[in-house]
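Listed here are the chains, written in short residue letters.
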Amino acid sequence: MKAEGAKKQTAFLTGVNAAVRAMGLLMRVMLSRLLGPEIMGITELAQSVHMLAITPLTSGLPLAISRMTAKAGLSNKRKPLLAGLMLVRSASVGLIPALLLFSPLLARMMGDVRVLPSLWFTAPCVLILGYSAAFNGYCYGMELNRVPALSELIEQALRVTLALLLIFALRRLTAPWLAAVPVAATMLAELAGLWYVLRRVGFSAFDAENARAWRKPVLRLALPTTFTRVIQTLMRSVTAILIPLRLQASGLPASEATARLGMLNGMVMPFLMLPCVFTSALSMVSMPRIAKAEDNRRELRRLLLWCAAACVPVGVLSAMAIYLLAPLLSNSIYRLAELGDLFRSSAPMAALFSVGHLSGGIIAALGEQKRSMYGTLAVSMLTLVLTYFLAGDARWRLNGVIAAQAVGQAGMIAWNACVFLRWRRHRR
(Lines give C-alpha, C1' and ligand atoms only; values in the text may rest on other atoms or scores of the structure.)
Protein backbone atom coordinates (compact mmCIF):
# COMPACT_ATOMS: atom_id res chain seq x y z
CA MET A 1 0.00 0.00 0.00
CA LYS A 2 1.36 3.40 -0.96
CA ALA A 3 1.78 6.21 1.56
CA GLU A 4 -1.09 8.11 -0.04
CA GLY A 5 -3.34 5.12 0.53
CA ALA A 6 -2.25 4.96 4.15
CA LYS A 7 -3.07 8.65 4.62
CA LYS A 8 -6.52 8.17 3.11
CA GLN A 9 -7.21 5.18 5.33
CA THR A 10 -5.95 7.06 8.40
CA ALA A 11 -8.18 10.02 7.51
CA PHE A 12 -11.19 7.74 7.06
CA LEU A 13 -10.61 5.92 10.34
CA THR A 14 -9.99 9.21 12.13
CA GLY A 15 -13.31 10.51 10.84
CA VAL A 16 -15.14 7.38 11.98
CA ASN A 17 -13.35 7.40 15.36
CA ALA A 18 -14.22 11.08 15.78
CA ALA A 19 -17.88 10.32 15.14
CA VAL A 20 -17.75 7.40 17.58
CA ARG A 21 -16.07 9.51 20.27
CA ALA A 22 -18.46 12.40 19.67
CA MET A 23 -21.42 10.09 20.23
CA GLY A 24 -19.73 8.67 23.31
CA LEU A 25 -19.15 12.15 24.71
CA LEU A 26 -22.74 13.10 23.94
CA MET A 27 -23.94 10.04 25.82
CA ARG A 28 -21.71 10.80 28.81
CA VAL A 29 -22.85 14.42 28.96
CA MET A 30 -26.51 13.40 28.70
CA LEU A 31 -26.12 10.65 31.29
CA SER A 32 -24.29 13.05 33.62
CA ARG A 33 -27.21 15.46 33.41
CA LEU A 34 -29.89 12.77 33.69
CA LEU A 35 -28.30 10.58 36.35
CA GLY A 36 -26.05 12.93 38.33
CA PRO A 37 -22.46 12.47 39.56
CA GLU A 38 -23.24 9.78 42.16
CA ILE A 39 -24.89 7.31 39.75
CA MET A 40 -22.15 8.12 37.22
CA GLY A 41 -19.68 7.12 39.91
CA ILE A 42 -21.46 3.75 40.27
CA THR A 43 -21.30 3.33 36.50
CA GLU A 44 -17.56 4.05 36.50
CA LEU A 45 -16.98 1.48 39.25
CA ALA A 46 -18.80 -1.14 37.17
CA GLN A 47 -16.95 -0.03 34.02
CA SER A 48 -13.63 -0.85 35.67
CA VAL A 49 -14.74 -4.48 36.17
CA HIS A 50 -16.24 -4.58 32.67
CA MET A 51 -12.89 -3.57 31.17
CA LEU A 52 -11.03 -6.11 33.30
CA ALA A 53 -13.40 -8.90 32.24
CA ILE A 54 -13.09 -8.26 28.49
CA THR A 55 -9.37 -7.39 28.42
CA PRO A 56 -8.05 -11.00 28.25
CA LEU A 57 -9.81 -11.50 24.90
CA THR A 58 -9.73 -8.00 23.40
CA SER A 59 -6.15 -6.82 23.93
CA GLY A 60 -3.39 -9.13 22.74
CA LEU A 61 -5.52 -11.34 20.49
CA PRO A 62 -6.44 -8.79 17.77
CA LEU A 63 -2.84 -7.52 17.63
CA ALA A 64 -1.49 -11.06 17.27
CA ILE A 65 -4.05 -11.98 14.59
CA SER A 66 -3.37 -8.73 12.72
CA ARG A 67 0.40 -9.26 12.68
CA MET A 68 0.21 -12.95 11.73
CA THR A 69 -2.41 -12.32 9.04
CA ALA A 70 -0.29 -9.55 7.50
CA LYS A 71 2.79 -11.79 7.34
CA ALA A 72 1.02 -15.06 6.34
CA GLY A 73 0.90 -16.44 2.82
CA LEU A 74 -2.28 -16.07 0.78
CA SER A 75 -3.50 -19.61 1.51
CA ASN A 76 -3.06 -19.15 5.27
CA LYS A 77 -4.62 -15.73 5.77
CA ARG A 78 -7.69 -17.11 7.61
CA LYS A 79 -5.78 -19.52 9.83
CA PRO A 80 -4.88 -16.95 12.54
CA LEU A 81 -8.53 -15.84 12.68
CA LEU A 82 -9.87 -19.38 13.06
CA ALA A 83 -7.26 -20.16 15.71
CA GLY A 84 -8.18 -16.98 17.55
CA LEU A 85 -11.89 -17.85 17.56
CA MET A 86 -11.06 -21.24 19.09
CA LEU A 87 -9.14 -19.47 21.86
CA VAL A 88 -12.07 -17.09 22.47
CA ARG A 89 -14.53 -19.95 22.88
CA SER A 90 -12.22 -21.84 25.22
CA ALA A 91 -11.57 -18.80 27.41
CA SER A 92 -15.24 -17.75 27.54
CA VAL A 93 -16.23 -21.12 28.99
CA GLY A 94 -14.28 -20.22 32.11
CA LEU A 95 -14.53 -16.42 32.23
CA ILE A 96 -18.30 -15.97 31.92
CA PRO A 97 -19.36 -18.39 34.71
CA ALA A 98 -16.58 -17.05 36.94
CA LEU A 99 -17.77 -13.47 36.50
CA LEU A 100 -21.39 -14.40 37.26
CA LEU A 101 -20.38 -16.47 40.27
CA PHE A 102 -18.08 -13.89 41.83
CA SER A 103 -20.12 -10.77 41.01
CA PRO A 104 -21.56 -10.42 44.56
CA LEU A 105 -18.09 -10.79 46.06
CA LEU A 106 -16.65 -8.23 43.63
CA ALA A 107 -19.44 -5.77 44.46
CA ARG A 108 -18.67 -6.04 48.19
CA MET A 109 -14.94 -5.68 47.56
CA MET A 110 -15.60 -2.48 45.57
CA GLY A 111 -17.38 -1.04 48.57
CA ASP A 112 -20.68 -0.41 46.75
CA VAL A 113 -23.09 -3.31 46.17
CA ARG A 114 -25.10 -1.11 43.82
CA VAL A 115 -22.75 -2.14 40.99
CA LEU A 116 -24.10 -5.72 41.01
CA PRO A 117 -26.71 -5.38 38.18
CA SER A 118 -24.07 -3.80 35.96
CA LEU A 119 -21.73 -6.74 36.56
CA TRP A 120 -24.42 -9.21 35.49
CA PHE A 121 -24.84 -7.46 32.13
CA THR A 122 -21.06 -7.50 31.64
CA ALA A 123 -20.80 -11.31 31.49
CA PRO A 124 -22.23 -11.87 27.95
CA CYS A 125 -19.96 -9.12 26.62
CA VAL A 126 -16.92 -11.37 27.17
CA LEU A 127 -17.84 -13.75 24.32
CA ILE A 128 -19.33 -11.08 22.05
CA LEU A 129 -16.35 -8.75 22.28
CA GLY A 130 -13.89 -11.64 22.09
CA TYR A 131 -15.33 -12.63 18.71
CA SER A 132 -15.37 -8.99 17.57
CA ALA A 133 -11.73 -8.54 18.58
CA ALA A 134 -10.63 -11.60 16.59
CA PHE A 135 -12.47 -10.44 13.46
CA ASN A 136 -11.14 -6.91 13.84
CA GLY A 137 -7.57 -8.22 14.02
CA TYR A 138 -8.14 -10.22 10.84
CA CYS A 139 -9.66 -7.22 9.02
CA TYR A 140 -6.77 -4.93 9.96
CA GLY A 141 -4.24 -7.58 8.94
CA MET A 142 -5.96 -7.82 5.56
CA GLU A 143 -6.15 -3.99 5.41
CA LEU A 144 -9.96 -4.15 5.34
CA ASN A 145 -10.03 -1.20 7.71
CA ARG A 146 -13.49 0.03 6.78
CA VAL A 147 -15.26 -3.08 8.09
CA PRO A 148 -14.32 -2.82 11.79
CA ALA A 149 -14.56 0.97 11.64
CA LEU A 150 -18.13 0.93 10.34
CA SER A 151 -18.99 -1.85 12.78
CA GLU A 152 -17.85 0.35 15.66
CA LEU A 153 -19.85 3.26 14.24
CA ILE A 154 -23.01 1.14 14.09
CA GLU A 155 -22.36 -0.19 17.58
CA GLN A 156 -21.85 3.27 19.11
CA ALA A 157 -24.91 4.75 17.44
CA LEU A 158 -27.10 1.95 18.78
CA ARG A 159 -25.45 2.14 22.20
CA VAL A 160 -26.20 5.85 22.59
CA THR A 161 -29.74 5.52 21.25
CA LEU A 162 -30.62 2.53 23.41
CA ALA A 163 -29.04 3.96 26.57
CA LEU A 164 -30.90 7.26 26.34
CA LEU A 165 -34.21 5.66 25.34
CA LEU A 166 -34.02 3.19 28.23
CA ILE A 167 -33.11 5.93 30.71
CA PHE A 168 -36.11 8.04 29.63
CA ALA A 169 -38.44 5.01 29.62
CA LEU A 170 -37.27 3.59 32.95
CA ARG A 171 -36.73 6.71 35.07
CA ARG A 172 -38.37 5.06 38.09
CA LEU A 173 -35.68 2.41 38.38
CA THR A 174 -33.54 2.43 41.50
CA ALA A 175 -29.97 3.77 41.33
CA PRO A 176 -28.31 0.32 40.86
CA TRP A 177 -30.48 -0.52 37.85
CA LEU A 178 -30.21 2.95 36.34
CA ALA A 179 -26.42 2.63 36.53
CA ALA A 180 -26.72 -0.74 34.72
CA VAL A 181 -28.64 0.69 31.75
CA PRO A 182 -25.51 1.82 29.82
CA VAL A 183 -23.98 -1.65 30.23
CA ALA A 184 -27.13 -3.35 28.97
CA ALA A 185 -27.23 -0.99 25.98
CA THR A 186 -23.57 -1.78 25.28
CA MET A 187 -24.24 -5.52 25.24
CA LEU A 188 -27.09 -5.21 22.71
CA ALA A 189 -25.11 -2.80 20.51
CA GLU A 190 -22.07 -5.12 20.49
CA LEU A 191 -24.25 -7.93 19.14
CA ALA A 192 -25.34 -5.71 16.25
CA GLY A 193 -21.74 -4.69 15.50
CA LEU A 194 -20.59 -8.32 15.43
CA TRP A 195 -23.47 -9.28 13.12
CA TYR A 196 -22.39 -6.57 10.66
CA VAL A 197 -18.78 -7.84 10.58
CA LEU A 198 -19.91 -11.43 10.04
CA ARG A 199 -22.05 -10.32 7.11
CA ARG A 200 -19.23 -8.34 5.51
CA VAL A 201 -16.38 -10.80 6.01
CA GLY A 202 -18.39 -13.83 4.89
CA PHE A 203 -17.12 -16.04 7.67
CA SER A 204 -16.89 -19.79 7.23
CA ALA A 205 -15.40 -22.30 9.69
CA PHE A 206 -14.77 -24.84 6.91
CA ASP A 207 -11.01 -25.03 7.48
CA ALA A 208 -11.12 -24.78 11.28
CA GLU A 209 -9.43 -28.12 11.91
CA ASN A 210 -6.39 -27.14 9.85
CA ALA A 211 -6.08 -23.95 11.90
CA ARG A 212 -5.50 -25.83 15.18
CA ALA A 213 -1.76 -25.74 14.60
CA TRP A 214 -1.94 -21.95 14.63
CA ARG A 215 -3.41 -21.70 18.12
CA LYS A 216 -0.11 -21.90 19.98
CA PRO A 217 1.67 -19.30 17.80
CA VAL A 218 -1.30 -16.93 18.12
CA LEU A 219 -1.47 -17.50 21.87
CA ARG A 220 2.29 -17.09 22.27
CA LEU A 221 2.23 -13.75 20.48
CA ALA A 222 -0.95 -12.56 22.21
CA LEU A 223 -0.03 -13.43 25.81
CA PRO A 224 2.50 -10.65 26.54
CA THR A 225 0.17 -7.90 25.29
CA THR A 226 -2.78 -9.54 27.05
CA PHE A 227 -0.85 -9.73 30.30
CA THR A 228 0.25 -6.11 29.89
CA ARG A 229 -3.31 -4.90 29.29
CA VAL A 230 -4.65 -7.04 32.13
CA ILE A 231 -2.13 -5.40 34.45
CA GLN A 232 -3.08 -1.94 33.23
CA THR A 233 -6.81 -2.66 33.46
CA LEU A 234 -6.45 -4.30 36.86
CA MET A 235 -4.55 -1.28 38.10
CA ARG A 236 -7.25 1.02 36.69
CA SER A 237 -9.90 -1.09 38.44
CA VAL A 238 -7.99 -1.01 41.71
CA THR A 239 -7.47 2.73 41.24
CA ALA A 240 -11.21 3.27 40.64
CA ILE A 241 -11.89 1.48 43.94
CA LEU A 242 -8.98 3.20 45.71
CA ILE A 243 -9.79 6.79 44.72
CA PRO A 244 -13.10 7.10 46.65
CA LEU A 245 -11.57 5.38 49.67
CA ARG A 246 -8.55 7.68 49.70
CA LEU A 247 -10.73 10.74 49.09
CA GLN A 248 -12.72 9.74 52.16
CA ALA A 249 -9.44 9.46 54.05
CA SER A 250 -8.69 13.04 52.99
CA GLY A 251 -11.87 14.22 54.70
CA LEU A 252 -14.64 13.92 52.08
CA PRO A 253 -17.92 12.07 52.83
CA ALA A 254 -18.54 8.80 50.95
CA SER A 255 -21.18 10.22 48.56
CA GLU A 256 -18.94 13.15 47.63
CA ALA A 257 -15.97 10.83 47.08
CA THR A 258 -18.00 8.67 44.66
CA ALA A 259 -19.21 11.82 42.87
CA ARG A 260 -15.59 13.01 42.49
CA LEU A 261 -14.71 9.70 40.83
CA GLY A 262 -17.59 10.23 38.41
CA MET A 263 -16.31 13.74 37.66
CA LEU A 264 -12.79 12.59 36.87
CA ASN A 265 -13.39 9.32 35.01
CA GLY A 266 -16.83 10.02 33.59
CA MET A 267 -16.50 13.68 32.60
CA VAL A 268 -12.86 14.79 32.31
CA MET A 269 -11.11 11.65 31.05
CA PRO A 270 -13.19 11.31 27.84
CA PHE A 271 -11.85 14.69 26.68
CA LEU A 272 -8.28 13.80 27.60
CA MET A 273 -8.57 10.68 25.44
CA LEU A 274 -9.75 12.61 22.37
CA PRO A 275 -6.30 12.53 20.64
CA CYS A 276 -6.61 8.75 20.62
CA VAL A 277 -9.32 9.21 18.00
CA PHE A 278 -6.46 9.96 15.62
CA THR A 279 -3.69 7.81 17.12
CA SER A 280 -5.95 4.75 17.17
CA ALA A 281 -6.61 5.14 13.45
CA LEU A 282 -2.92 5.77 12.82
CA SER A 283 -1.94 2.64 14.75
CA MET A 284 -4.44 0.40 13.01
CA VAL A 285 -3.30 1.52 9.57
CA SER A 286 0.44 1.54 10.28
CA MET A 287 0.84 -1.61 12.41
CA PRO A 288 0.47 -4.18 9.58
CA ARG A 289 2.78 -2.07 7.40
CA ILE A 290 5.39 -1.82 10.18
CA ALA A 291 5.20 -5.60 10.67
CA LYS A 292 5.87 -6.14 6.95
CA ALA A 293 8.70 -3.58 6.87
CA GLU A 294 10.63 -4.66 9.97
CA ASP A 295 13.42 -6.14 7.79
CA ASN A 296 13.56 -3.05 5.56
CA ARG A 297 15.37 -0.43 7.64
CA ARG A 298 14.76 2.44 5.24
CA GLU A 299 11.03 1.81 4.90
CA LEU A 300 10.66 1.20 8.63
CA ARG A 301 12.40 4.47 9.46
CA ARG A 302 10.15 6.35 7.04
CA LEU A 303 7.03 4.82 8.58
CA LEU A 304 8.09 5.63 12.14
CA LEU A 305 8.95 9.24 11.28
CA TRP A 306 5.62 9.59 9.52
CA CYS A 307 3.78 8.27 12.60
CA ALA A 308 5.68 10.56 14.99
CA ALA A 309 5.20 13.63 12.78
CA ALA A 310 1.47 12.96 12.66
CA CYS A 311 0.97 12.03 16.33
CA VAL A 312 2.91 14.60 18.37
CA PRO A 313 1.29 17.78 16.98
CA VAL A 314 -2.18 16.31 17.46
CA GLY A 315 -1.46 15.52 21.11
CA VAL A 316 0.07 18.92 21.88
CA LEU A 317 -2.71 20.87 20.14
CA SER A 318 -5.36 18.80 21.95
CA ALA A 319 -3.77 19.56 25.32
CA MET A 320 -3.71 23.29 24.53
CA ALA A 321 -7.34 23.23 23.37
CA ILE A 322 -8.55 21.49 26.55
CA TYR A 323 -6.68 24.00 28.72
CA LEU A 324 -8.08 27.02 26.90
CA LEU A 325 -11.62 25.63 26.66
CA ALA A 326 -11.80 24.52 30.31
CA PRO A 327 -14.40 27.20 31.28
CA LEU A 328 -16.62 26.27 28.33
CA LEU A 329 -16.39 22.54 29.05
CA SER A 330 -17.16 22.94 32.74
CA ASN A 331 -19.80 25.69 32.67
CA SER A 332 -21.62 25.14 29.39
CA ILE A 333 -21.34 21.41 28.72
CA TYR A 334 -21.35 19.82 32.18
CA ARG A 335 -22.73 22.80 34.14
CA LEU A 336 -20.28 22.13 36.98
CA ALA A 337 -18.00 25.13 37.54
CA GLU A 338 -15.67 23.12 39.79
CA LEU A 339 -14.59 21.03 36.79
CA GLY A 340 -12.71 24.03 35.34
CA ASP A 341 -9.61 23.63 37.51
CA LEU A 342 -9.67 19.89 36.94
CA PHE A 343 -9.67 20.32 33.16
CA ARG A 344 -6.78 22.79 33.31
CA SER A 345 -4.60 20.68 35.60
CA SER A 346 -5.18 17.51 33.57
CA ALA A 347 -4.81 19.03 30.06
CA PRO A 348 -1.16 17.92 29.53
CA MET A 349 -2.34 14.32 29.92
CA ALA A 350 -3.93 14.53 26.45
CA ALA A 351 -0.48 14.77 24.83
CA LEU A 352 0.89 11.94 27.00
CA PHE A 353 -2.05 9.66 26.15
CA SER A 354 -1.55 10.38 22.44
CA VAL A 355 2.17 9.54 22.34
CA GLY A 356 1.80 6.61 24.75
CA HIS A 357 -0.95 5.03 22.65
CA LEU A 358 1.13 5.18 19.47
CA SER A 359 4.35 3.99 21.12
CA GLY A 360 2.54 0.92 22.44
CA GLY A 361 1.17 0.18 18.97
CA ILE A 362 4.64 0.39 17.40
CA ILE A 363 6.12 -1.97 19.99
CA ALA A 364 3.28 -4.45 19.35
CA ALA A 365 3.80 -4.23 15.57
CA LEU A 366 7.48 -5.14 16.04
CA GLY A 367 6.58 -8.16 18.19
CA GLU A 368 8.28 -6.76 21.33
CA GLN A 369 5.26 -7.06 23.61
CA LYS A 370 7.07 -9.25 26.15
CA ARG A 371 9.73 -6.65 26.95
CA SER A 372 7.10 -3.92 27.10
CA MET A 373 5.22 -6.01 29.66
CA TYR A 374 7.96 -5.68 32.29
CA GLY A 375 7.88 -1.90 32.11
CA THR A 376 4.11 -1.89 32.35
CA LEU A 377 4.21 -3.83 35.60
CA ALA A 378 6.76 -1.50 37.20
CA VAL A 379 5.12 1.72 36.00
CA SER A 380 1.62 0.55 37.03
CA MET A 381 2.80 -0.21 40.54
CA LEU A 382 4.45 3.21 40.80
CA THR A 383 1.25 4.90 39.61
CA LEU A 384 -0.83 3.01 42.17
CA VAL A 385 1.50 3.92 45.04
CA LEU A 386 1.51 7.60 44.05
CA THR A 387 -2.28 7.57 43.77
CA TYR A 388 -2.59 6.07 47.26
CA PHE A 389 -0.55 8.79 48.91
CA LEU A 390 -1.55 11.83 46.85
CA ALA A 391 -5.33 11.17 46.66
CA GLY A 392 -5.43 10.79 50.45
CA ASP A 393 -3.80 14.18 50.96
CA ALA A 394 -6.36 16.99 51.37
CA ARG A 395 -4.01 19.35 49.50
CA TRP A 396 -3.98 17.14 46.38
CA ARG A 397 -7.02 14.84 46.13
CA LEU A 398 -8.03 14.53 42.43
CA ASN A 399 -5.04 16.62 41.34
CA GLY A 400 -2.89 13.99 43.01
CA VAL A 401 -4.60 11.27 40.95
CA ILE A 402 -3.86 13.24 37.77
CA ALA A 403 -0.22 13.76 38.77
CA ALA A 404 0.21 10.04 39.47
CA GLN A 405 -1.24 9.09 36.08
CA ALA A 406 0.95 11.66 34.30
CA VAL A 407 4.06 10.14 35.89
CA GLY A 408 2.86 6.67 34.83
CA GLN A 409 2.22 7.70 31.21
CA ALA A 410 5.60 9.44 30.91
CA GLY A 411 7.35 6.40 32.41
CA MET A 412 5.65 4.03 29.95
CA ILE A 413 6.63 6.18 26.96
CA ALA A 414 10.25 6.22 28.15
CA TRP A 415 10.23 2.43 28.63
CA ASN A 416 8.80 1.79 25.15
CA ALA A 417 11.49 4.06 23.69
CA CYS A 418 14.16 1.97 25.42
CA VAL A 419 12.56 -1.27 24.13
CA PHE A 420 12.60 0.10 20.57
CA LEU A 421 16.25 1.22 20.79
CA ARG A 422 17.24 -2.23 22.08
CA TRP A 423 15.30 -3.91 19.25
CA ARG A 424 17.00 -1.70 16.65
CA ARG A 425 20.45 -2.39 18.08
CA HIS A 426 19.92 -6.15 17.94
CA ARG A 427 18.59 -6.02 14.37
CA ARG A 428 21.75 -4.45 13.00
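Asker: Got a sec to walk through the pattern of salt bridges? Specific residues and values, please.
Answerer: Summed over the entire model, instances satisfying the criterion amount to 6 salt bridges. Salt-bridge contacts for Arg 260 lead to Glu 256; the nearest nitrogen and oxygen are separated by 2.9 Å. One end of the pair, Arg 260, and the other, Glu 256, are both in helix α8 (residues 254-272), 4 residues apart, so they sit about a helical turn from each other. Judged by its relative accessible area of 18%, Arg 260 is buried. Here Arg 371 and Glu 368 are joined by a salt bridge, their closest N and O atoms 2.6 Å apart.

Asker: Give a detailed account of the state of the cysteines, specifying residues and quantitative values.
Answerer: This structure, assessed with the given rule, holds 0 disulfides. Lacking any disulfide linkage, Cys 307 is separated from the closest cysteine sulfur, that of Cys 311, by 8.4 Å. The class of Cys 311 is buried, set by a relative accessible area of 1%.

Asker: Could you give an account of the packing of aromatic side chains, with specific residues and numbers?
Answerer: Applying the stated criterion to the full structure yields 7 aromatic pairs. For the ring pair Phe 271 and Tyr 334, a centre distance of 6.2 Å and an interplane angle of 80° mean the geometry is edge-to-face. One end of the pair, Phe 271, is in helix α8; the other, Tyr 334, is in the loop between α11 (326-333) and α12 (339-346), and 63 residues separate them in sequence. Exposure class is identical for Phe 271 and Tyr 334. Each is buried. With a centroid separation of 6.4 Å and 20° between ring planes, the pair formed by Tyr 334 and Phe 343 is classed as stacked. Phe 343 matches Tyr 334 in its accessibility class, with the two residues each being buried. Note that Arg 146 overlies the ring of Phe 12, its terminal NZ or CZ placed 4.0 Å from the centroid. One Lys or Arg, Arg 246, reaches over the ring of Tyr 388 and ends 3.9 Å from the middle of that ring.

Asker: Tell me about the nonpolar core, and name the residues and values.
Answerer: Val 115, Phe 135, Val 218, Leu 264, Leu 339 and Phe 343 are the most contacted members of the largest nonpolar core, which totals 89 residues. The leading source of residues in this core is helix α1 (residues 3-58), at 14 residues. If we ignore the near neighbours within four places in the chain, the residues touching Leu 264 are Ile 243, Met 269, Leu 342, Leu 398, Val 401 and Ile 402. Residues Leu 63, Leu 300, Leu 304 and Ile 363 belong to the second largest nonpolar core, which totals 21 residues.

Asker: Any chance you could break down helix α4 (residues 116-141) for me, citing the residues and the numbers?
Answerer: Counted at 1.5 Å a residue, the expected span for α4 with its 26 residues is 38 Å, and the 38 Å between its end C-alpha atoms agrees. Along α4, the largest kink reaches about 35° and is centred on Cys 125. With 21 of 26 residues buried, α4 is to be regarded as a mostly interior element. In the segment just after α4, Glu 143 is the residue with positive phi, at about 60°.

Asker: Tell me about a nonpolar patch on the surface, and please be specific about residues and values.
Answerer: On the surface, Leu 100, Trp 120, Leu 170, Leu 173 and Trp 177 cluster together into a nonpolar patch covering about 430 Å² of accessible area. You can see Leu 100 is positioned in helix α3 (residues 79-109).

What counts as what
The written sequence of each chain sets the order in which its residues are numbered from 1. Local features in this predicted model are restricted to residues of pLDDT 70 or higher, and side-chain atom pairs are both shown and tallied only at a pLDDT of 80 or more, whereas totals for entire chains, interfaces and linings draw on every residue. The side-chain numbers reported here are obtained from all heavy atoms of the structure, hydrogens and water having been left aside. Salt bridge, as used here: a side-chain nitrogen of Lys or Arg that lies within 4 Å of a carboxyl oxygen of Asp or Glu. Secondary structure is summarised from DSSP: a helix means a run of H or I of at least four residues, a strand means a run of E of at least two, and numbering begins at the N terminus for each. The buried label goes to any residue with under 20% of its type's maximum accessible area, the exposed label to any with over 50%, and the partly exposed label to all in between, with areas taken from a 1.4 Å probe on protein chains only. The disulfide criterion is simple: two cysteine sulfur atoms within 2.5 Å. Any two rings among Phe, Tyr and Trp, with Trp reduced to its six-membered ring, count as a pair given centres within 6.5 Å; such a pair is stacked if its planes are under 30 degrees apart, edge-to-face if over 60, and tilted if neither. Comment: the charge-over-ring label is applied if NZ (Lys) or CZ (Arg) is within 6 Å of the ring centre and within 35 degrees of the ring normal. For this analysis, a nonpolar core means a set of buried residues of the types Ala, Val, Leu, Ile, Met, Phe, Trp, Tyr and Cys, connected via side-chain atoms within 4.5 Å. Contact definition: two residues touch when any of their heavy atoms are within 4.5 Å. The span expected for a helix works out to 1.5 Å for each residue beyond the first. Two axes enter the definition of the bend at a residue: one is fitted to the seven residues ending there, the other to the seven starting there, and the bend is the angle between them. For patches, a residue must show more than 30% relative accessible area and have no salt bridge; joins then use 9 Å for like charges and 5 Å for nonpolar side chains, namely Val, Leu, Ile, Met, Phe, Trp and Tyr. Where accessible areas are quoted, they stem from the Shrake-Rupley method and a 1.4 Å probe; at the residue level, only the protein chains shown are allowed to cover.

Fair warning: the whole summary comes from geometry, so function is off the table for now.
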